[in-house]
Each structure stands twice: as structure tokens, then as C-alpha cells.
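Examining the three-dimensional arrangement
Letter by letter, the chains look like this.
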Amino acid sequence: MNKIKANIRVTTGKSNSRYLRKNNKFPSIIYGKNYKNILIELDQNKTLKLMSNISIYKEKISIIIDKSIYLVFVKDIQYHILKETFMHIDFLRIK
């Protein structure tokens, strides 16, 4: 199974997202029915490397935040128009 390490994102908004992208990270979210939304930040290079090796929308991914592990599917990806980078990824949480 594919694994991604993430950090909890405390602040939100356009300026925070720009700050993250400047520092080789990007904002993301984990959501699901009957679950609380979890705002996270991911490393751009590690995520690009992982996503290039898997069938993005078909495989389960483990997101590790501190000592918690969340099983997710990729629901939506937003790419930068000109650069080969992520702007945002939505993850759908499963059991």
C-alpha cells in the first residue's frame, strides 16, 4: 500500500495556501461521510513521486499524520496550469 506523510494544517485561506506552495508544500483535505474534515499539508516532491507511480484514482493510500493512519482514495486533484505541481488534492476517507 502507498503511504504519504502529512501534517495538520491549522491556518486556512489564500495567503496560507500561497505560503505553503512557496515552500514546496500544498494544502489538502481528508473528508468522508460521518467523519470530521481534516485539513492537511503535503510535500510537493514526495507526493508527485508517489502519484506518478500509481493508478491515482483506483488505489488506496495511507496518509500518516503523527501516529494516526487514514485510509483514503483520491477524489479530486487540482494541478497548476503551467507548472507540473499540485494546487490541491481532495481525499475521500474509507474505513
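Above: the structure in question.
Residues numbered from 1 in each chain as written. Predicted model: local features only at pLDDT ≥ 70, side-chain atom pairs only at ≥ 80, totals over all residues. Heavy atoms only, no water.

**Quick look at helix H1 (residues 14-22)**
- Those residues of H1 not exposed but buried are Asn16, Ser17 and Leu20. Around the axis of H1, the buried residues are gathered within 100° of arc, so they sit on the same side. Those residues of H1 that are exposed and angled more than 90 degrees off the buried face are Lys14, Ser15, Arg18, Tyr19 and Lys22.
- In this structure, the buried residues of H1 make contact with strand E2 (25-31) and strand E3 (38-43).
- A positive backbone phi angle near 60° is found at Asn24, which sits one or two residues after H1. (Buried < 20%, exposed > 50% of the residue type's maximum accessible area, 1.4 Å probe, protein only. Helix = DSSP H or I, 4+ residues; strand = E, 2+ residues; numbered from the N terminus. Arc of directions from axis to C-beta. Contact = heavy atoms within 4.5 Å.)

**Some words on the pattern of salt bridges**
- Applying the stated criterion to the full structure yields one salt bridge.
- Measuring nitrogen to oxygen at the nearest pair gives 3.8 Å for the salt bridge that ties Glu41 to Lys25. Here Glu41 is found in strand E3, whereas its partner Lys25 is found in strand E2, with 16 residues between them in sequence.
- Its relative accessible area of 25% is what places Lys25 among the partly exposed residues. (Salt bridge = Lys/Arg side-chain N within 4 Å of Asp/Glu carboxyl O.)

**Notes on the nonpolar core**
- The biggest cluster of nonpolar side chains holds 20 residues, and the ones touching the most others in it are Ile30, Ile40, Ile61, Ile63 and Phe91.
- Counting only elements with at least two residues in this core, the list comes to strand E1 (2-8), E2, E3, helix H2 (44-53), strand E4 (61-65), strand E5 (68-79) and strand E6 (86-94).
- The biggest single contributor to this core is E5, with four residues.
- Discounting residues that sit within four places of it in the chain, Ile30 has contacts with Lys36, Asn37, Ile38, Ile40, Ile63, Ile65, Tyr70, Val72, Phe91 and Arg93. (Core = buried A, V, L, I, M, F, W, Y, C linked by side-chain atoms within 4.5 Å.)

**Overview of the packing of aromatic side chains**
- According to the stated counting rule, one finds two aromatic pairs in the structure shown.
- Grouping aromatic residues by their ring pairs yields a cluster made of Phe26, Tyr79 and Phe86. (Phe/Tyr/Trp six-rings, centres within 6.5 Å; stacked < 30°, edge-to-face > 60°.)

Read these as geometric descriptors, not functional statements.
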